[in-house]
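# What the coordinates show
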Amino acid sequence: MKAIVKPAARLAGEVNALSSKNYTTRYLLIGALAEGTSTIYYPAHSEDSDAMRRCIRDLGAIVEEDEEKMIITGFGRYPKATSQLNVGNAGAVLRFLMSIAAFCPEITFVNTYPLSLGKRPHNDLIDSLSQMGIKVEHNDGKLPITIYGGNPQGGKITVSGNVSSQFLSSLLFLCPLLDKDSEIEVLHDLKSKVIVGQTLEVLALAGIEVNASENLMYYRIRGGQHYQAQKYVVQGDYPGSAAILAAAAVTHSDVKVLRLDEQSKQGERAVIDVLKAMGVHLTHQDGIVHVKGNQRLRAGDFDGDHFTDAVLAMVAAAVFAEGTSRFYNVENLRFKECDRITDFVNELNKAGANVEETQSEIIVHGRPNGVEGGVEIDAHFDHRVIMALTVVGLRSAKGLTINDAHHVAKSYPNYFQHLLSLGAEIEFLEE
């Protein structure tokens, strides 16, 4: 599907933030790992959460749902033997379940997105699983990946954290269920520490004890633990909402986004401070973010590792700021659904922006008067790229046509509908 995004004179109204994808996938997983019945209220409905739901069903969990909730009867540490799992294009789901697959005799994770997830590396987790006595067959660290499990062993484990924190989170879900105690040491650096904090928060809610060092580089995990069946309420999603807030920031607007908890542990909550630093008129109280945009923004320097999944939306806002903005410490963006630095920068420049890159930075030379647009650009099958390019299109002189825009459904299926409800003009063409 192509999305034809037209310049917006004004955006106004309010939307409910979609439910958090990151929390939904984690709650689904710990519900499956519990011995009993858990309830998840207001789960996200996206391709990623659907992938986790589908896979835990394949592994033996019973999942019932209605419009408000999902009820999960888990399999504990005894997933059903199955020969294949299809995670679609969901990298976090793949990585979390690679560890859980260690309890099964043999599972192959198939490659249905060779140009996206199929290109992403998983060597760091494969190395850690090998240390635990698990045999893994793989294609140079990429899909398809076959796990030969049955009896994963605890003990001392190392994992690299300089590509993704998801490898560490995967081990943190697995190790409490092992017979022996485990010690995990993170090597090199740890990207997206805030997201590891979300994993630790979710584990604690399920009654799992993890002793973590203050810098999150070392963990002691007692074996023989059991996930407790619980009730969970999914909070509003900051990463997706960041694009709505960016759209409001770059246009004339009066927009409210509801269900965004001020005390959330989502790292992308930092976008509130980023937008304020850019001079956006914004308030945040009682779970409501209220933006009154006047098209005037100022540049700044920002550590993107604190809000990984919202960096592209903030870069899109910076395209229209006065001065030069720098988003640094973002090299891990190269290992997402696409290379979110090179691929995204190329598309922005096609649209008329002035953006450059280094290995770990995106540097934006702002154009306060807007960009020309009027071109057709590629989304690279990446939901975050689609959302961010839409923001740019709203402030362009001639609009933008975004190819493969349907992939926004990976995390935010009703993104375009929310923008339309605020007054955006977007047309859709089936390809």
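Everything in this summary refers to the structure shown in the same document.

Cut-offs and rules
Residues numbered from 1 in each chain as written. Predicted model: local features only at pLDDT ≥ 70, side-chain atom pairs only at ≥ 80, totals over all residues. Heavy atoms only, no water. Core = buried A, V, L, I, M, F, W, Y, C linked by side-chain atoms within 4.5 Å. Buried < 20%, exposed > 50% of the residue type's maximum accessible area, 1.4 Å probe, protein only. Helix = DSSP H or I, 4+ residues; strand = E, 2+ residues; numbered from the N terminus. Contact = heavy atoms within 4.5 Å. Axes fitted to C-alpha atoms, helices over the stretch in contact; angles between N-to-C directions. Parallel < 35°, antiparallel > 145°, perpendicular 65-115°, else oblique. Nonpolar A, V, L, I, M, F, W, Y, C, P; charged D, E, K, R; others polar. Polar contact = N/O pair within 3.5 Å; in protein donor to acceptor, adjacent residues only side chain to side chain. Salt bridge = Lys/Arg side-chain N within 4 Å of Asp/Glu carboxyl O.

Next up on the list: the nonpolar core. Side chains of nonpolar character tend, in soluble globular proteins, to be buried together. Ranked by internal contacts, the top residues of the largest apolar core, which has 80 residues, are Met278, Met314, Phe327, Ile362 and Tyr415. The element that contributes the greatest number of residues to this core is helix H7 (residues 238-250), accounting for 10 residues. Excluding residues that lie within four positions of it along the chain, Phe327 makes contacts with Met278, Phe302, Phe307, Val311, Met314, Val315, Ala318, Ser360, Glu361, Ile362 and Val364. Counting 73 residues, the second-largest nonpolar core is a separate cluster that includes Met52, Leu59, Met98 and Phe173.

In contact at an axis separation of 9 Å, H7 and helix H9 (residues 311-318) are set at 5° when each is read in the N-to-C sense. Taken together, the axes of H7 and H9 lie roughly parallel to each other. Across from Ala242, Ala243, Ala246 and Val250 in H7, the residues of H9 making contact are Ala313, Met314, Ala316 and Ala317. Along the lines of polarity and charge, the residues of the contact of H7 with H9 split into 8 nonpolar, no polar and no charged.

Once that is clear, we can look at the side chain of Ser253. Among the secondary structure elements, Ser253 is positioned in strand S15 (residues 253-258). Separated by 2.7 Å, the side chain of Ser253 and the backbone oxygen of Ala248 make a polar contact. The residues touching Ser253, leaving out its near neighbours within four places in the chain, are Arg10, Leu11, Ala248, Val291, Lys292 and Gly293.

Here the focus is the pattern of salt bridges. Across all of its chains, the model carries 24 salt bridges by this definition. The closest approach of N and O atoms between Glu65 and Arg57, which form a salt bridge, is 3.7 Å. Residue class for Glu65 comes out partly exposed when judged on its relative accessible area of 36%. By relative accessible area, Arg57 is classed as partly exposed at 34%. Bridged by salt links that share partners, the residues Lys21, Asp48, Arg120, Asp309, Glu337, Arg340, Asp382 and Lys410 form one connected network.

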